[in-house]
Amino acid sequence: MDITERFLRYVSVDTQSDECSHTTPTAEKEKRMGEALTAEMTEIGLHGAHTDGYGYVYGWLPASVGCESIPTLGLIAHMDTSPDASGANVKPRIVHYEGGDIVLNAETGVKLSAEQFESLNAYVGQDLIVTDGTTLLGADDKAGVAEILTALEHLAAHPEIPHGRVAVCITPDEEVGAGADHFDLEQFGAAVAYTVDGGELGGLEYENFNAASARVTVRGVNLHPGSAKNKMKNAALIAVEFATLLPPAETPAHTEGYEGFYHLNRIKANETLAKLHYLIRDHDWERFQKRKDFFTRAAAWLNEKYGPGTVQLELTDSYYNMREKIEPHMYLIHRARSAFRKVGVETREEPIRGGTDGARLSYMGLPCPNLSTGGVNFHGVYEYIPVQSMEKMAEMLVCLITEEDGTKTNNIT
């Protein structure tokens, strides 16, 4: 199947995960897509394809004759799309881009502005799959799914190309942070893997934030403001005071690269009760610990000022920097660089200012760097992906799996 046709078929199915759900998968529609992927994997020649009770799709491509001793390599992508924008009734179209703005929706005036989205300049002359300006596209990560299955379909159809066993898993619920929750390492059957879940073509990622969340609860004493002198303890104001204790320049809007941050992403407050929710991020382990310690000291100081129990702090670690777990397996990075080079793509190696399932899986015992998909502007109506980037990624994956020269894997889509 043509990779574009495959991708367009995937994005037509709504698989948006639900951050408010406590089931696995968080949305039943994910399981339905999983069953369709299981059937497709069987059809293209993968063995053992099945969907488990949690909605994870597993299968494998057997090693070619004579390559049975090569260690199994794993490839992972996720089927769900982000809750940040609607994933229902996606209406993609292909635009041969010749420069300038792309009108996504003439009726509402939504457009991909070449001035606002400078990445467009790199894709003049290419075919871009865009949205209609009302939904996300779903390249995160249905492009990854399409690229993996296209590469494996090619290898299954060409048994003369030598390769080891390849394990595949398509997960649900990655977008709500639960993609690794029920990942079965034994069933997967690989000692190392790659997630195919990155952005623009050439991305190779093996560093990410150490991450924690902080819930700050402030309990006040509320009285009628006319008789509140020396008695009222305004929870909303104390919450503001807590926020102002944090360094104002250490927020996402003022940081980049390896710079960590504190991010207030939710606040609800009145005089009696205030609740703040923070994300704490840093690539460096020691600085990460110091950031959490700063929260503890800030809460303690306010409790000393306003009385015990005024500020309650809950700190929860979310995930850790995968680099520590990748460094003993740097051959994975060299192998990916080589595969990109064989298909004529220069790698871009930058620290992820976020996290991936690969980070959690690496700490579960499965070293798992992240590869690009080719997509741009994920999680919103301005998302797009060049057809040529998807084709190139499928070729790269064939090179990654095999020892064949990259020129022998062209035109697989």
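The coordinates are above.
Draft legend 1. Expanded view of the overall build of the protein chain. In terms of regular secondary structure, the protein chain is built from 10 helices and 16 strands. For 413 residues, the compact-globule estimate of 2.2 N^0.38 gives 22 Å, and the protein chain sits close to it at 24 Å. Of the contacts made within the protein chain by residues no fewer than 6 positions apart, 78% connect residues no fewer than 24 positions apart.

Draft legend 2. Structural context of the packing of helix H1 (residues 3-11) against helix H3 (residues 139-157). For the pair H1 and H3, the least separation of the axes is 9 Å and the interaxial angle reads 140 degrees. Of the possible angle classes, the one that applies to H1 and H3 is oblique. Relative to H3, the crossing made by H1 is right-handed. The segment H1 lies against H3, with Ile3, Arg6, Phe7, Tyr10 and Val11 engaging Ala139, Lys142, Ala143, Val145, Ala146, Glu147, Leu149, Thr150 and Glu153.

Draft legend 3. Region of interest: H1. Those residues of H1 not exposed but buried are Ile3, Thr4, Arg6, Phe7, Tyr10 and Val11. Projection of H1 onto a plane perpendicular to its axis shows the buried side chains occupying an angular sector of 160 degrees, all on one side. Where H1 is buried, its residues contact helix H2 (28-44), strand S4 (93-96), strand S7 (127-130), H3, strand S16 (384-386) and helix H10 (387-401). For H1, the N-terminal capping position is held by Asp2, with its side-chain oxygen 2.8 Å away from the main-chain nitrogen of Thr4.

Thresholds applied
- Counting restarts for each chain, with residues numbered from 1 along the sequence as it is written.
- Local features in this predicted model are restricted to residues whose pLDDT is 70 or higher, and side-chain atom pairs enter the listing and the counts only when it is 80 or higher, whereas totals over whole chains, interfaces and linings include all residues.
- Values reported for side chains reflect all heavy atoms of the structure, with hydrogen atoms and water molecules removed beforehand.
- Per the convention used, a helix needs a DSSP run of H or I reaching at least four residues, while a strand needs a run of E reaching at least two, with both numbered from the N terminus.
- In this description the radius of gyration comes from C-alpha coordinates, and the expected globular size is given by 2.2 Å times residues to the power 0.38.
- Whether two residues are in contact is decided by their heavy atoms, any of which lying within 4.5 Å being enough.
- Axis definition: a line fit to C-alpha positions, over the contact stretch in the case of helices; interaxial angles, taken between N-to-C directions, run 0 to 180 degrees.
- These descriptions rest on fixed angle ranges, namely under 35 degrees for roughly parallel, over 145 for roughly antiparallel, 65 to 115 for roughly perpendicular, and the rest for oblique.
- Helix crossings fall into two classes, left-handed where the near helix is turned counterclockwise from the far one by less than a right angle and right-handed where it is turned clockwise.
- Buried means the residue's accessible area, taken with a 1.4 Å probe over protein chains only, is under 20% of the maximum for its type, while exposed means over 50%, and partly exposed covers the values in between.
- Think of the arc as the fan of directions from the helix axis to the C-beta atoms.
- Under the rule applied, a polar contact is a pair of N or O atoms within 3.5 Å (in protein, one hydrogen donor and one hydrogen acceptor; residues adjacent in sequence only if both atoms are side-chain atoms).

In short, geometric facts, not functional conclusions.
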